[in-house]
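Summary of structural features
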Amino acid sequence: MPMALLVHGGAGAIPLEHRARAHAGCQAAASLGWSHLQQGRSALDAVMYAVQAMEDNPDYNAGTGSCLTLDGNIEMDAGIMDGHSLQVGSVAGLELLKNPILVARRVLESPHVFLISRGAQYFALSQGFPLCSRSDLLTDAQYQKWLSTHEQSNHLHPTLDAFTNTSVEADKKHGTVGAVALDSHGHLAAATSTGGMLNKHAGRVGDSPLVGCGFYADQYAAVSCTGLGEDFVRLLIGQRAAAYVAQGFDAQQAAERAILFLSENATGTGGLIVVDHNGNVGSAWNTEHMSYASAQ
Ligand code: ASP
C-alpha cells in the first residue's frame, strides 16, 4: 500500500529571502509526519503531528507566530478530519492555547464536531491542556506587522472599515499551515491550522476550521487549503477538490481544477494541497508563491 504525506506553510507573496526558511519548516514537518506513517501510525496522527510542529514554528501564522486581530488579540482556528471514519474536529477563536490542532483532535474524538472561543477553551482545559500566555504566542514579527498597519492607517479605533481596507492586503502573505496524508491502511486525513488574517475583525472565522472549506478528507482524497478564507468558504474549495478526485481526476488535476474554480468565481487568492487514495500528491495556487513539502 503506498503512503504519502504533504504539508504546506501558506500561500502568498512570500519575500524571496524568507522562502528558504518557509520551505525548510515544511520539510521538517513533512519528515516528522512521515516518520509517524513509517512507524505504522494513522494518517490522522501523521497530519496532526506535522501541523503541531508547524504551529510551534514561529515562522508560520498558526499557534506561535499567529497574526493579530484588528483589536490586537490572537484568535486561532484549526480543523482535522479522518477520511476513513469521516470524523471531524474543529476549534475557532482559541486565544491561549499553544496547539489548536491538538484540541481539534480531541473534539474529533468527542461527540461534537466544532467548538468555539470560550467553550473551546473550557473544553481544552477539561482535556488537560494548559493555558499559555499571550506572550507565548505573540512574535515580534507579527506585532510589528500589526503595528505598522495601524500606524499607516492611523486607526485609533477598530472599525469594520479598517478590516475591509486591510484585508485587501491579504495576498501579501498568508502562512496558514496544513497537512494531508495517506497511511499504510489506505486511510486519508487532513488538518489545517491558522491565526487567520492580519487585522481580522474580532470573532471572524475563515475557512481553516470549516469542514469542506479549509480542509476535507474522505475515502478518495484529503485536502488542506490556505488563502482568503471568505472565498474558500463561499466556494467549498476543500470538498470540491476531493469531489474532483471522486470523479476520477488525480490529486494534481484536482488541485488545479479547484484553484481554477476559485479564480473563475472569486477574487480571493490562495492555494491547496491534495493527496489521493492512490498516493498521488498535488498542489496548486494562484498567489505568487506557496510553501510546501512532501514525503513519499
Ligand atoms: N485561510 C486563512 C483564513 O482565512 C488564512 C490563510 O490561509 O492565510 O483564516
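Description of the structure in this document. Every chain is numbered independently, its residues counted from 1 as its sequence is written. Only residues with pLDDT of 70 or above have their local features reported here, since the model is predicted, and side-chain atom pairs are shown and tallied only from 80 upward, although totals for entire chains, interfaces and linings are computed over all residues. Based on all heavy atoms of the structure, the side-chain values leave hydrogens and waters out of the count.

Details of the side chain of Asn57
Threshold: Helix numbers and strand numbers start at the N terminus; a helix is a DSSP run of H or I with at least 4 residues, a strand a run of E with at least 2. Buried means the residue's accessible area, taken with a 1.4 Å probe over protein chains only, is under 20% of the maximum for its type, while exposed means over 50%, and partly exposed covers the values in between. A contact between two residues is defined here by any heavy atoms of the two lying within 4.5 Å.
In this fold, Asn57 is placed in the loop between helix H2 (43–56) and strand E2 (76–82). Overall, the relative accessible area of 18% leaves Asn57 in the buried class. Not counting chain neighbours up to four residues away, the residues in contact with Asn57 comprise Gly25 and Thr64.

What about the pattern of salt bridges?
Heads up, the rule is: When a carboxyl oxygen of Asp or Glu is within 4 Å of a side-chain nitrogen of Lys or Arg, the pair counts as a salt bridge.
Taken as a whole, this structure holds seven salt bridges when the rule is applied. Between Arg41 and Asp45 there is a salt bridge, with its nearest N and O atoms 3.4 Å apart. By relative accessible area, Asp45 is classed as buried at 12%. Notably, a salt bridge pairs Asp231 with Arg234, separated by 2.9 Å at the nearest N-O pair. A residue pair is termed a helical-turn pair when its members lie 3 or 4 positions apart in one helix, as Asp231 and Arg234 do in helix H8 (residues 229–234) at three residues. Using a relative accessible area of 4% as the deciding quantity, one classes Asp231 as buried. Residue classification places Arg234 among the exposed residues on the basis of a relative accessible area of 60%.

With respect to the environment of Leu5
By the element assignment, Leu5 lies in strand E1 (residues 4–12). Classification of Leu5 by relative accessible area gives buried; the value is 0%. For Leu5 and Tyr49, which are 44 residues apart along the polypeptide, the C-alpha to C-alpha distance reads 12 Å. Among residues more than four places away in sequence, those in contact with Leu5 are Ala30, Gly33, Trp34, Leu37, Ala46, Val180, Ala181, Ala293, Ser294 and Ala295.

Quick word on the sheet that holds strand E10 (residues 281–285)
Put simply, the test is: Paired strands are those between which DSSP finds at least two bridges. Note on definitions: angles span 0 to 180 degrees between N-to-C directions of axes, and those axes are lines fitted to C-alpha atoms, for helices only across the stretch in contact.
The strand order across the open sheet built from four strands is E7-E8-E9-E10, with neighbouring strands paired in antiparallel fashion. Of all strands in the sheet, those with a lone pairing partner are strand E7 (215–217) and E10, marking the two edges. Going from strand to strand, the sheet's axes swing by 10° on average, the running direction of each strand aside. Contacts from helix H9 (residues 237–246) reach E7, strand E8 (221–227) and strand E9 (270–276), with the element oriented near 145° to E8.

Describing the sheet that holds strand E3 (residues 87–94)
With mixed pairing, the seven strands of this open sheet are ordered in space as E4-E3-E2-E6-E5-E1-E11. Strands with a single pairing partner mark the edges of an open sheet, and in this sheet they are strand E4 (114–116) and strand E11 (289–295). Across the sheet, the mean angle separating the axes of adjacent strands is 10° when strand polarity is ignored. In terms of strand pairing, strand E5 (residues 177–182) meets strand E6 (residues 188–194) through six bridges, oriented antiparallel. Across the sheet, the residue bridging to Val177 is Ser193, located in E6. Strand contacts of helix H1 (residues 16–38): E1, E5 and E11, with the helix running at about 30° to E11, the strand carrying the most contacts.

Observations regarding the side chain of Asp207
Using the following cut-off: Charge convention: Lys and Arg are scored as positive, Asp and Glu as negative, and His as well as the terminal groups of each chain are ignored.
Looking at where Asp207 falls in the secondary structure, it is placed in the loop between E6 and E7. Put simply, Asp207 is tucked away with no salt bridge, and the nearest opposite charge, on Arg204, sits 5.5 Å away. The residues touching Asp207, leaving out its near neighbours within four places in the chain, are Cys213, Gly214, Cys225, Gly227, Gly229, Phe232 and Val233.

Here's the deal with the site of the ligand
Test applied: In these notes, residues near a molecule or strand are those with any non-hydrogen atom within 4 Å of it. Whenever two N or O atoms come within 3.5 Å, that pair is a polar contact, provided that in protein one can donate a hydrogen and the other can accept it, and provided that, for residues adjacent in sequence, both atoms are side-chain atoms. Accessible surface is estimated by sampling points in the Shrake-Rupley manner with a 1.4 Å probe; for residues, cover comes only from the protein chains shown. Think of it as three bins: nonpolar holds Ala, Val, Leu, Ile, Met, Phe, Trp, Tyr, Cys and Pro, charged holds Asp, Glu, Lys and Arg, and polar takes everything else, Gly as well.
All residues adjacent to the ligand are His174, Thr176, Gly196, Met197, Arg204, Asp207, Ser208, Thr226, Gly227 and Gly229. In this structure, an oxygen atom belonging to the ligand sits 2.7 Å away from a side-chain N or O atom of Thr176. Separating an oxygen atom of the ligand from a backbone N or O atom of Gly229 is a distance of 3.0 Å. For the ligand, the protein covers 100% of the area, taking 270 Å² as the surface of the free molecule. Split by residue class, the shell around the ligand holds one nonpolar, seven polar and two charged.

Description of the packing of H9 against helix H10 (residues 251–265)
Filter applied, for reference: When an angle is under 35 degrees it counts as roughly parallel; over 145 it counts as roughly antiparallel; between 65 and 115 it counts as roughly perpendicular; any other value is oblique. In this scheme, a crossing is called left-handed if the near helix is turned counterclockwise away from the far one by less than a right angle; it is called right-handed if the turn is clockwise.
It is the contact of H9 with H10, at a shortest axis distance of 8 Å, that shows an interaxial angle of 135°. By the angle between their directions, the pair H9 and H10 is classed as oblique. Pair H9 / H10 crosses with right-handed handedness. Seen from H9, the contacting residues are Ile237, Arg240, Ala241, Tyr244 and Val245; seen from H10, they are Ala254, Arg257, Ala258, Phe261 and Leu262.

Scope: geometric values only; no functional claims are made or implied.
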